[in-house]
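Topology and contacts: notes
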Amino acid sequence: MRATYTHLKRLLLASIACVLGAALLTYAIDPLQLFRPSRLAAFYSDDTRVQNAGLIRSQSFDTAFMGTSLAIHFRQSDIDRALAVHSLKLAMTGSNSRQQAFVLERAIDRGARRVIWEMDDFIFVDAADIESDPYLSVDLYRATAKGIASYLFSAAMAKESLFALLRSVPPLREPLTRAAPYLPVKFALADVDDIYALPRDFDVAREYNATKTLASFAYITAPSRRRFLGEGYDLEAMVRHFEHDAVGLIARHPDVTFDVYFPPYSILQFVAMRDASPETLKIVTDLTARIAQRLTLLPNVRLHDFRAIKQVTHDLDNYGDVIHHSPVVDTKVLKWLAIGEYRVDPKAPLKSLEELKSQVEAYRVPQ
């Protein structure tokens, strides 16, 4: 009996030693760069909801770039060059306005004096409160005791730390760095500019073309799929989240300039709603009318509307589905932001929306 107790005691002590050792390794290596800039060669993850917490603390920047999957492929170097800023890209695929506002507030607290915000209507759908959001660790961003503990005692972070340590050994550095994208590790990107960016040799024509765009249109307007077009769209709830998450954030920071833009979806995004879910289209246009009227009244906001630029939105070769545009359009977006083209006139905040409505009404889908 005594021998069994001794074995259990040793096992318990060994387990505690392993857990503490793993936590100490994560603290020393700090793959997220939450405590300090990396002492070893820094690597980054495409898991933006986690990676952003470290980027905000480890990077220097004056401009925060936020958005959804429509903004995820921009490169910081392109943003900096086009807009003469020192940016930090914080775009998160599938993010909602609660998550975006929370992350932006952390970036502003760390020094951002300009925010470039790609704003989709669907970010305002009702979702979990940020304090109970299962997909974003507010404690990690706030660096609370709970957040730090979850970081240090994470088995996944211990694995990343061990890999970073091995990668720092000179004979292993080059082969492990080359192999990193193909290994089960998240922190595989050697350049912060590559986070969620498309490879420089990416075949744009193969991934973005009219065939794919029309196939996407047919898919989302099929009778069995139509109900998803309006899923989560409730005007009252969306206006409430817009006021709380967007207007609230902007009003709290009058010294920060916000460049908000509506991205250039393909015309088929709105035509799909027109043909298969007209009630959803009305919610979208009513919501964006409210957004335009509210934001153009705020002195620290410049609103840009790219949704009625016919030469882009009607060219279906620019898209991979009905909303996601190619990196060629990314470049155009930066150019338009730089020169202020398509900025919404506060004296006529609904002009571009009315033009879009006319285009949607007149458009006929290619057969």
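The rules behind these values
Within each chain, residues carry numbers counting from 1 in the order of the written sequence. Reporting of local features is limited, given that this is a predicted model, to residues whose pLDDT is at least 70; pairs of side-chain atoms are given and counted only at 80 or more, and all residues count toward the totals for whole chains, interfaces and linings. Hydrogen atoms and water are omitted, and side-chain values are computed over all heavy atoms in the structure. By definition, any uninterrupted DSSP run of H or I lasting at least four residues is a helix, any uninterrupted run of E lasting at least two residues is a strand, and each is numbered from the N terminus. Only protein chains enter the calculation, and the probe is 1.4 Å; a residue is then buried if its accessible area is under 20% of its type maximum, exposed if over 50%, and partly exposed in between. Contacts are residue-level and defined by heavy atoms, with any inter-residue pair within 4.5 Å sufficient. Values of accessible area rely on a 1.4 Å probe in the Shrake-Rupley scheme; residue burial ignores everything except the protein chains shown. Charge assignment: positive for Lys and Arg, negative for Asp and Glu; neither His nor the chain ends contribute. Where a charge lies is defined by one atom per residue type: Lys uses NZ, Arg uses CZ, Asp uses CG and Glu uses CD. For two strands to be treated as a pair, DSSP must find at least two bridges joining them. Only the stretch in contact is used when fitting a helix axis, every axis being a line fitted to C-alpha atoms; angles between N-to-C directions are given from 0 to 180 degrees. The scheme is simple: roughly parallel for angles under 35 degrees, roughly antiparallel for over 145, roughly perpendicular for 65 to 115, oblique for anything else. For a crossing to be left-handed, the near helix must be turned anticlockwise from the far one by less than a right angle; the clockwise case is right-handed. Any Lys or Arg side-chain nitrogen found within 4 Å of a carboxyl oxygen on Asp or Glu counts as a salt bridge. A helix is expected to reach a length of 1.5 Å times the quantity of its residues less one. Residue types Ala, Val, Leu, Ile, Met, Phe, Trp, Tyr and Cys, when buried and joined through side-chain atoms within 4.5 Å, form a set referred to as a nonpolar core. We define a polar contact as two N or O atoms separated by no more than 3.5 Å, with the added condition that, inside protein, one atom must be a possible hydrogen donor and the other a possible acceptor, whereas residues neighbouring each other in sequence contribute only through side-chain atom pairs.

1. Section: the overall build of the chain
In terms of regular secondary structure, the chain is built from 16 helices and seven strands. With respect to the three principal axes, the spread of C-alpha positions in the chain is 85 × 45 × 45 Å. Sorting the 367 residues of the chain into buried and exposed places 51% on the buried side. By sequence separation, contacts in the chain at least 24 residues apart represent 81% of the contacts at least 6 residues apart. Accessible area of the chain: about 17600 Å², with a carbon and sulfur share of 58%. Side chains of the chain give 44 positive and 44 negative charges; the mean places of these two sets differ by 6 Å.

2. With respect to the pairing of strand β7 (residues 301-305)
Successive residues of a regular strand alternate their side chains across the two faces of the sheet. Here β7 lies mainly inside the structure; four of its five residues are buried. Bridge count between strand β6 (residues 257-262) and β7: five bridges; the pairing is parallel. Residue pairing across strands places F258 opposite V301, the latter belonging to β7.

3. Things to note about the packing of helix α2 (residues 48-58) against helix α4 (residues 97-109)
When two helices pack together, their arrangement is captured by the angle between the axes and the distance separating the axes. Orientation of α2 relative to α4, taken along the N-to-C sense of each, is 15 degrees, at an axis distance of 10 Å. Taken together, the axes of α2 and α4 lie roughly parallel to each other. As α2 runs across α4, the sense of the crossing is right-handed. Facing R49, N52 and I56 of α2, the residues of α4 in contact are Q99, V103, R106 and A107.

4. Describing the pattern of salt bridges
Applying the stated rule across the entire model yields 22 salt bridges. Between R75 and D193 there is a salt bridge, with the nearest N and O atoms lying 3.7 Å from each other. Placement of the pair is R75 in the loop between β2 (63-66) and α3 (76-83) and D193 in the loop between β5 (187-189) and α9 (204-207), with a sequence separation of 118 residues. Grouping residues by exposure puts R75 and D193 together as buried. The residue R252 makes a salt bridge to E105 at a minimum N-O spacing of 2.7 Å. One end of the pair, R252, is in helix α11 (residues 235-252); the other, E105, is in helix α4, with 147 residues separating them in the sequence. Bridged by salt links that share partners, the residues R75, D193, D194 and R200 form one connected network.

5. Some remarks on the environment of M66
For M66, the location among the structural elements is in strand β2. Dropping the residues within four chain positions of it, M66 is found in contact with A71, L90, A91, M92, Q100, V103, L104, I116, W117 and E118.

6. Some thoughts on helix α7 (residues 155-167)
Counted at 1.5 Å a residue, the expected span for α7 with its 13 residues is 18 Å, and the 18 Å between its end C-alpha atoms agrees. Within α7, the full set of buried residues consists of M157, A158, E160, S161, F163, A164 and R167.

7. Things to note about the nonpolar core
Residues V103, W117, M119, F124, F258 and L295 are the most contacted members of the largest nonpolar core, which totals 84 residues. Examining the composition of this core, we find that eight residues originate from one element, helix α13 (residues 278-295), more than from any other. With residues near it in sequence (within four places) discarded, F258 still touches I108, V115, W117, L249, I250, H253, N300, V301 and R302. Judged by nonpolar contacts, the second largest core, of 19 residues, contains I79, V85, V312 and Y319.

8. Side note on unusual backbone geometry
Positive phi, close to 55 degrees, is recorded for A84, a residue that is not glycine. Within the fold, A84 resides in the loop between α3 and β3 (87-89). The exposure class assigned to A84 is exposed, which follows from its relative accessible area of 70%. A positive phi is found at Y342, a non-glycine position, where the angle reads about 70 degrees. If you trace the backbone, Y342 turns up in the loop between α15 (327-339) and α16 (351-362).

9. Some details on the sheet that holds β2
Ordered in space as β3-β2-β4-β6-β7, the five strands form an open sheet in which the pairing is parallel. Strands with a single pairing partner mark the edges of an open sheet, and in this sheet they are β3 and β7. Adjacent strand axes in the sheet meet at a mean angle of 15 degrees, parallel and antiparallel pairs treated alike. Across the sheet, α4 touches β2, β4 (114-118) and β6, and the angle it forms with β2 is around 170 degrees.

10. Section: the side chain of R114
Mapping R114 onto the fold places it in strand β4. By relative accessible area, R114 is classed as buried at 16%. Here D259 takes part through its side chain, which lies 2.9 Å from a polar atom of the side chain of R114. Not counting residues within four places of it along the chain, the set of residues in contact with R114 comprises D62, T63, A64, L83, V85, V256, T257, D259 and R302.

11. So, the environment of Y261
Among the structural elements, Y261 can be located in strand β6. C-alpha separation for the pair Y261 and L303, spaced 42 residues apart in sequence, amounts to 5.7 Å. Sequence-distant contacts of Y261, defined by excluding residues within four places in its chain, comprise F65, A71, F74, I116, W117, E118, M119, H304, F306, V333 and L337.

12. Let's talk about the pairing of β4
For β4, the tally of buried residues reaches five of five residues, placing the bulk of the element in the interior. Residues R114, I116 and E118 line one face of β4 and the alternating positions V115 and W117 line the opposite face, and both faces are buried. Pairing of β2 with β4, which is carried by four bridges, proceeds in the parallel orientation. Within β4, the position partnered with A64 by the bridge is V115. The pairing of β4 with β6 spans five bridges and is parallel. For V115, the partnering residue across the bridge sits in β6 and is F258.

Limitation: the analysis is restricted to geometry and does not speak to function.
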